[in-house]
Amino acid sequence: MSKTSPRPLTPDVTSALESLRADAVRRNAGEPEFHQALDEVLESLGPVLSARPELLDVLRRLVEPERQIIFRVPWQDDAGATHVNRGFRVEFNSALGPYKGGLRFHPSVNLGVVKFLGFEQIFKNALTGLNMGGGKGGSDFDPHGRSDAEVMRFCQSFMTELYRHLGEHTDVPAGDIGVGGREIGYLFGQYRRITNRWEAGVLTGKGTGWGGSPVRVEATGYGNVLFAAEMLAQRGEDLEGQQVVVSGSGNVALYSMEKAQALGAHVLTASDSSGYVVDEKGIDLDLLKQVKEVERGRVADYAERRGASARFVPGGRVWDVPADLALPSATQNELDAEAALALIRGGVKAVSEGANMPCTPEAVRLFREAGVALGPGKAANAGGVATSGLEMRQNAARSAWTFADVEARLAAIMRDIHATVHETAEIHGAPGDYVLGANIAGFQRVAEAMDAQGII
Ligand code: GLU
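Scoring rules and cut-offs
- Within each chain, residues carry numbers counting from 1 in the order of the written sequence.
- Given that this is a predicted model, residues contribute local features only at a pLDDT of at least 70 and side-chain atom pairs are listed and counted only at 80 or more, while totals for whole chains, interfaces and linings are drawn from all residues.
- The basis for every side-chain value is the complete set of heavy atoms in the structure, and neither hydrogens nor water enter the calculation.
- When DSSP finds two or more bridges between a pair of strands, those strands are recorded as paired.
- Working definition: helices are DSSP H or I runs of at least four residues, strands are E runs of at least two. Numbering for both runs from the N terminus.
- Note on definitions: angles span 0 to 180 degrees between N-to-C directions of axes, and those axes are lines fitted to C-alpha atoms, for helices only across the stretch in contact.
- Contacts between residues were defined by any pair of non-hydrogen atoms, one from each residue, lying within 4.5 Å.
- A helix is expected to span 1.5 Å for every residue after the first.
- Type-normalised accessible area, obtained with a 1.4 Å probe on protein chains alone, sets the label of each residue: buried when under 20%, exposed when over 50%, and partly exposed for intermediate values.
- A single heavy atom is enough: if one lies within 4 Å of a molecule or strand, its residue is considered near that molecule or strand.
- Polar contacts here mean pairs of N or O atoms no more than 3.5 Å apart (in protein, one a potential hydrogen donor and the other a potential acceptor; neighbouring residues in sequence count only if both atoms are side-chain atoms).
- Using the Shrake-Rupley algorithm and a 1.4 Å probe, accessible areas are obtained, with residue cover drawn only from the displayed protein chains.
- The predictor's confidence in any single residue is recorded as pLDDT, a number from 0 to 100.
- What counts as a salt bridge is simple: a side-chain nitrogen of Lys or Arg found within 4 Å of a carboxyl oxygen of Asp or Glu.

A. Molecular detail of the sheet that holds strand 10 (residues 310-314). Read from one edge to the other, the open sheet built from three strands follows the order 8-9-10, with strand pairing classed as antiparallel. For this open sheet the edge positions go to strand 8 (269-272) and strand 10, each flanked by a neighbour on one side alone. If you compare each strand with its neighbour and ignore which way they point, the axes differ by 20° on average. In terms of strand pairing, strand 9 (residues 275-279) meets strand 10 through five bridges, oriented antiparallel. Paired with valine 277 across the bridge in strand 10 is phenylalanine 312. Contacting strand 8, strand 9 and strand 10, helix 11 (residues 299-306) crosses the sheet at an angle of about 150° to strand 10.

So this is what it looks like as structure tokens:
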């Protein structure tokens, strides 16, 4: 069976997993988000490892990133004051393809956060079937309240170090929280200037006029709603007339709302770090986009301009609003046990994670016990990186596909991910457990490739 396992098989998979976990926690001390992401995967792998204990050796390599880069990012603000931020890129696994994953600019970014995101990305990218490895990066830089010129100088400084680690066959970053089209533009410009190469395949999420793909902007949100629709279809339902709560008001949230509305759902909420807005008439997406994307404002501004149907709840959380479907689309651990109980009381049927790891482990357990379908981020929000994979294909072929063509491919990929995850859960005796199905299906693809490629 295994070509690379030199050690005798471990008879007790449970204790082997426990010692692997203890070892990983010790080596990655003080990184709770990474431990959480690790736990979720390790808890799912028992059935596979019992059948194939030789894959434990592969797993031992898999939990250790192939390469971790940390660097200084100095920059000057508009007043001439110097700031120093920290930059990261964790190149986690390249068994299936070049490292692929976004960059996050947010004050909460540290090595543990980047490692959790990079670890998730390995399995997510494997599930797309598009041959991408997993990586993630970013900085503790806070773009809020910074001028375009300041953001440009920061991006230029960041890329001045990062460029040496990138390449279309090596590592291909994209956006995440705090990194959108504007930042990708500045990063691409600096890469091009330093290398003197117009290398479209080095970053995804580019503008459609200069190597970007149609639908990349919309892809994570659209994909998440398509995944939710597949979950509802399992219950014989569709999105028509469903009440939907969405958290966040960034890229993933906005385009989740757009697709949910297009499929006939009633989207009630949006949020940011200051609170949430509930709109009885349904969110007016044109107004919300104007406030958030054009003016870079707050959801409270939306509520003020929308009129009587909308109410801003300072400090509150959208999970208190009863709904059929919840789309957590803001950030990690935004939906805890209390929120899960509120949603269950409100009659929620499905939860689809637009953000990465938004549900705490307790919330995941409560949804499982209550029979609520839970689409984990590594499956449900894979549409973003899948469309990055489609962008890379267009770049490699020097061609450009139409919006309709890319959207049809995205829909097919999301259907395929849902089918794979659903079927994998069923095969392993846990029908409807999308968390288990996603972890096992993603792990199997990566583990087979690692096993075939030897001990590296
Ligand atoms: N940051 C996104 C994610 O969490 C997209 C990554 C990419 O397109 O490379 O999957």
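B. Looking closely at helix 9 (residues 251-262). The terminal C-alpha atoms of helix 9 lie 17 Å apart, and with twelve residues this matches the ideal 16 Å at 1.5 Å per residue to within 8%. Three or more residues of helix 9 are buried, namely Val252, Ala253, Leu254, Tyr255, Ser256, Met257, Lys259 and Ala260. Looking one or two places after helix 9, you find glycine 264, whose phi comes out positive at around 95°.

C. Structural context of the site of the ligand. The environment of the ligand is made up of 14 residues, and the closest members are Lys100, Lys124, Asp176, Arg216 and Ser388. With respect to the ligand, the side chain of serine 388 contributes an N or O atom lying 2.6 Å from an oxygen atom. Against a free-state accessible area of 300 Å², the protein chains account for coverage of 95% of the ligand. Elements that contribute at least two residues to the shell around the ligand include exactly strand 3 (99-105), helix 5 (111-128) and helix 15 (383-396).

D. Looking closely at the confidence of the model for the chain. Chain-level statistics for the chain give a pLDDT mean of 96 and a share of 98% at 70 or above. Across residues 1-9, where pLDDT falls below 50, the model places 18 contacts with residues more than four positions away in sequence or in other chains.

E. Summary view of the pattern of salt bridges. Applying the stated rule across the entire model yields 33 salt bridges. Arginine 153 serves as the salt-bridge partner of aspartate 78, at 2.7 Å between the closest nitrogen and oxygen. Of the two residues, aspartate 78 is situated in the loop between strand 1 (67-76) and strand 2 (82-93) and arginine 153 in helix 6 (residues 148-162); the sequence distance between them amounts to 75 residues. Assessed through its relative accessible area of 28%, arginine 153 is described here as partly exposed.

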